[in-house]
Amino acid sequence: MADSVAAGIGEEKETENEDKEREKRASNNTKRSEKSSGPSEVTETLGFYERNANKKDRRRNLSDLSLVRFIRAELTRGYFLEHNEAKYTERRERVYTCLRIPKELEKLMTFGFFLCLDAFLYVFTLLPLRVLLALIKLLTLPCCGLSGSRILQPAQVCDVLKGFIMVLCYSMMHYVDYSMMYHMIRGQSVIKLYIIYNMLEVADRLFSSFGQDILDALYWTATEPKERKRAHIGVIPHFLMAVLYVFLHAILIMVQATTLNVAFNSHNKSLLTIMMSNNFVEIKGSVFKKFEKNNLFQMSNSDIKERFTNYVLLLIVCLRNMEQFSWNPDHLWVLFPDVCMVIASEMAVDVVKHAFITKFNDITADVYSEYRASLAFDLVSSRQKNAYTDYSDSVSRRMGFIPLPLALLLIRVVTSSVKIQGALSYVCVLLFYLGMITLKVLNSIVLLGKSCLYVKEANMEEKLFQAPPSAASSRTSSRAYRAKHTTNPPGDLADEEICPSISTQPVHQDDCPVPHMPSSESDQFLTTPDDTEEKDIGQDGMELKHRAPKKDLLEIDRFTICGNRID
């Protein structure tokens, strides 16, 4: 037994000795190979050992993973939103802005609607009275004699021109048969009517864009000082162009109203649905474009004008339908759902469009209060002594709303739908006219009060007492002209001061006979305090340097930037 144990121990020692000899031979071989081989072979050997080590680590890591551990990690992992606080605060403010847009937008739309209503009622109420007073003054001129250099004031000349345009266009509208137009449009297919309605909307915008320029050219040509060098084609050609424009625009609106009337009376309501779905196309065409504040102001004014025009078109459609059903009040309830659908779709499209435009362009909802203050400033400034335009013309330039063609069409429809017979009918017409005058006066008073409040909130009172910036250049040119052509001593104009007042009438200044209509490049009126207008005191502490102001809202009307592409 002891011999066997001793033999086993001897074998183990021999095995250990053999292993040691093998390791020595391997190490000797390695040293020889290192001496005989280059550095690349050593690198390959080390890389081989590293790869083997990485494989072992991967096997060890894979053996540690399990499905249970993965599910537990997914259920228990967390994150902290405060690590990106600015981002999430901005997102929350965007949501709040979108929620505020309907309220702020409807405030602007309501104020703009009553501004358009005031300009629209002016054509029916005060314009005839002003034309009558101007004609009375013109007829009694031989008895009273010439009291001044002008027979009529510029505002009276413009009123008389508007009256003549309305009379001539109304007489021309009698040759247009509304019933024949209705049946011609009714015979067209649904697709044709849809295309016609879209074409009419585009044509209406083009007519409005060019129409106010035609009227302004007529007013300025008729009231321009005669001593200046003639640089126009004459008053009569401008007058004929204005008459042709008002007549064609009225025909265009009549076709638009007739198309809408056909959609209301069609048995298949799909036509009206398709026409109203056209409003949602505006969202695709407007939302995904870059908008600045001035571009959004232009779009807001256009939406106000479009909404008011749609209301008048709905009124015309209701009048024509009520006439066909002998003024049966039950038929009015039949039209009521369609009218509500048109109004609701228009409001929904405006809200969605403005909400996403402000979201994508990082515009706050407070910008609509600035727009409202700009419109209010136009109303208040038109009541000053140094006013350079009538309020209705100011609304036309700002919003693209020209009341003459729309008022002409409404008069044509009312006179053809309502038959006046007997003395009682004339009494009713007189009472209705007095009621319209009352509504116009009350609306003007309320709008003026609200406008003064908005102007005061926007800190714009000082700008009301400033003359237009272009007045200085006009005075300089007029002085130079008088110095060359007259012998009057200069310097009289420097002693005069402009003292504007809301409650008094504009006074014509003889020393400055050149009324100047400010353009979009020269008008420097501002709606809100601009950071670029801050004054920087120089090193000497005495000189003040003004930075160049940006183009502000009061410089923007409906047509100054309509030709610019919105990226």
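Here the structure is a predicted model, which means the values were calculated and not measured.

What follows deals with the overall build of the protein. Scanning the protein from N- to C-terminus turns up 20 helices and 2 strands. Looking at the protein as a whole, 40% of its 567 residues are labelled buried. In the protein, of all internal contacts separated by at least 6 residues, the share reaching a separation of at least 24 is 84%. Surface summary for the protein: the accessible area is close to 33,900 Å², and the carbon and sulfur share equals 61%.

Another point: the UniProt feature "transmembrane region" (unreviewed entry) in the protein. Mapped onto this numbering, the UniProt entry annotates "transmembrane region" (unreviewed entry) at residues 108-125, 239-264, 401-418 and 424-448. In the segment residues 239-264, helix accounts for 100% and strand for 0%; the C-alpha atoms at its two ends are 37 Å apart. Annotation note: span residues 424-448, helix share 100%, strand share 0%, distance between end C-alpha atoms 36 Å.

It is worth spelling out helix 13 (residues 293-324) at this point. Here helix 13 contains 32 residues, and its C-alpha end-to-end distance of 47 Å stays within 8% of the 46 Å for a straight helix at 1.5 Å per residue. By the criterion of burial, helix 13 is predominantly enclosed, with 27 of the 32 residues buried. Immediately downstream of helix 13, the backbone of Ser326 shows phi near 55°, a positive value.

To continue, consider the packing of aromatic side chains. A complete count under the given rule lists 13 aromatic pairs for this structure. One aromatic cluster in this structure is built from Phe113, Phe114, Phe120, Phe124, Phe308, Tyr311 and Phe401. Lying across the ring of Tyr454, Arg372 places its NZ or CZ 4.4 Å from the centre.

Right, let's talk about the pattern of salt bridges for a bit. Considering all chains together, one arrives at 15 salt bridges under this definition. For Glu370, the salt bridge identified is with Lys293, shortest N-O distance 3.0 Å. Of the two residues, Glu370 sits in helix 15 (residues 367-381) while Lys293 sits in helix 13, which places them 77 residues apart along the sequence. Via salt bridges that share partners, Glu90, Arg94 and Asp362 belong to a single interconnected network.

Glycine aside, residues mostly have negative phi, and peptide bonds are mostly found in the trans state. Phi is positive for Ser326, close to 55°, though the residue is something other than glycine. Topologically, Ser326 is positioned in the loop between helix 13 and helix 14 (329-360). A relative accessible area of 63% means that Ser326 is categorised as exposed. Residues other than glycine seldom take positive phi values, yet Asp362 does so here, at roughly 55°. Among the residues examined, Asp362 registers a relative accessible area of 52% and is labelled exposed.

Right, let's talk about the packing of helix 5 (residues 126-139) against helix 7 (residues 154-173) for a bit. In contact at an axis separation of 9 Å, helix 5 and helix 7 are set at 115° when each is read in the N-to-C sense. Regarding the angle of helix 5 to helix 7, the classification is roughly perpendicular. Helix-helix and strand crossings are classified by hand; for helix 5 and helix 7 the assignment is left-handed. When helix 5 is examined against helix 7, the residues Leu127, Arg130, Val131, Ala134 and Lys137 are found in contact with a partner set consisting of Ala155, Gln156, Asp159, Val160, Lys162 and Gly163. Here the residues of the contact of helix 5 with helix 7 sort into 5 nonpolar, 2 polar and 4 charged.

For the rest of this paragraph, the subject is the nonpolar core. Phe120, Ile165, Leu260 and Phe264 are the most contacted members of the largest nonpolar core, which totals 103 residues. A per-element tally of this core places helix 10 (residues 235-265) first, with 17 residues.

Let us now look at the packing of helix 13 against helix 17 (residues 403-417). Relative to each other, helix 13 and helix 17 sit at 10°, their axes nearing to 10 Å. As far as their axial angle goes, helix 17 and helix 13 are roughly parallel. Helix 13 and helix 17 meet at a crossing whose hand is left-handed. Residues Phe308, Thr309, Val312, Leu315, Ile316, Leu319, Arg320 and Glu323 of helix 13 form the contact with helix 17, whose own contacting residues are Leu406, Leu409, Leu410, Val413, Val414, Ser416 and Ser417. Of the residues assigned to the contact of helix 13 with helix 17, the class counts are 10 nonpolar, 3 polar and 2 charged.

Take the side chain of Glu346 next. You can see Glu346 is positioned in helix 14. Look at Glu346: it is buried, it has no salt bridge, and the nearest opposite charge is Arg307 at 5.6 Å. Residue contacts for Glu346: discarding those within four places in its chain leaves Asn279, Glu306, Arg307 and Asn310.

What follows concerns the environment of Thr273. Looking at the element boundaries, Thr273 is found in helix 11 (residues 270-277). Relative accessible area serves as the criterion here: at 43%, Thr273 is assigned to the partly exposed category. Separated by 68 residues in sequence, Thr273 and Met341 have C-alpha atoms that sit 9.0 Å apart.

We now examine the environment of Tyr371. Among the secondary structure elements, Tyr371 is positioned in helix 15. The class of Tyr371 is buried, set by a relative accessible area of 0%.

Further remarks concern a nonpolar patch on the surface. Where nonpolar side chains cluster on the molecular surface, the patch consists of Trp327, Val414, Val418, Ile420, Tyr426 and Val429 and spans about 530 Å² of accessible area. Within the secondary structure layout, Val429 lies in helix 18 (residues 423-457).

Tracing the backbone shows Asp350 in helix 14. A relative accessible area of 0% means that Asp350 is categorised as buried. Excluding anything up to four places from it in sequence, Asp350 contacts Leu105, Met109, Asp303 and Arg307.

Next up on the list: the environment of Phe120. By secondary structure assignment, the location of Phe120 is in helix 4 (residues 85-124). Counting along the chain gives 286 residues from Phe120 to Leu406, while the straight-line C-alpha distance between them is 8.4 Å. Not counting residues within four places of it along the chain, the set of residues in contact with Phe120 comprises Phe308, Val312, Phe401, Pro403, Leu406, Ala407 and Leu410.

What counts and how
- Residues numbered from 1 in each chain as written.
- Predicted model: local features only at pLDDT ≥ 70, side-chain atom pairs only at ≥ 80, totals over all residues.
- Heavy atoms only, no water.
- Helix = DSSP H or I, 4+ residues; strand = E, 2+ residues; numbered from the N terminus.
- Buried < 20%, exposed > 50% of the residue type's maximum accessible area, 1.4 Å probe, protein only.
- Contact = heavy atoms within 4.5 Å.
- Areas by Shrake-Rupley, 256 points an atom, 1.4 Å probe, with all protein chains shown as cover.
- UniProt positions renumbered as here; feature names shortened; annotations may be inferred.
- Expected span 1.5 Å × (residues − 1).
- Phe/Tyr/Trp six-rings, centres within 6.5 Å; stacked < 30°, edge-to-face > 60°.
- Lys NZ or Arg CZ within 6 Å of the ring centre and 35° of its normal.
- Salt bridge = Lys/Arg side-chain N within 4 Å of Asp/Glu carboxyl O.
- Axes fitted to C-alpha atoms, helices over the stretch in contact; angles between N-to-C directions.
- Parallel < 35°, antiparallel > 145°, perpendicular 65-115°, else oblique.
- Left-handed = near helix turned anticlockwise from the far one by under 90°.
- Nonpolar A, V, L, I, M, F, W, Y, C, P; charged D, E, K, R; others polar.
- Core = buried A, V, L, I, M, F, W, Y, C linked by side-chain atoms within 4.5 Å.
- Lys, Arg positive; Asp, Glu negative; His and termini not counted.
- Patch = residues over 30% accessible without salt bridge, like charges linked within 9 Å, V, L, I, M, F, W, Y side chains within 5 Å.

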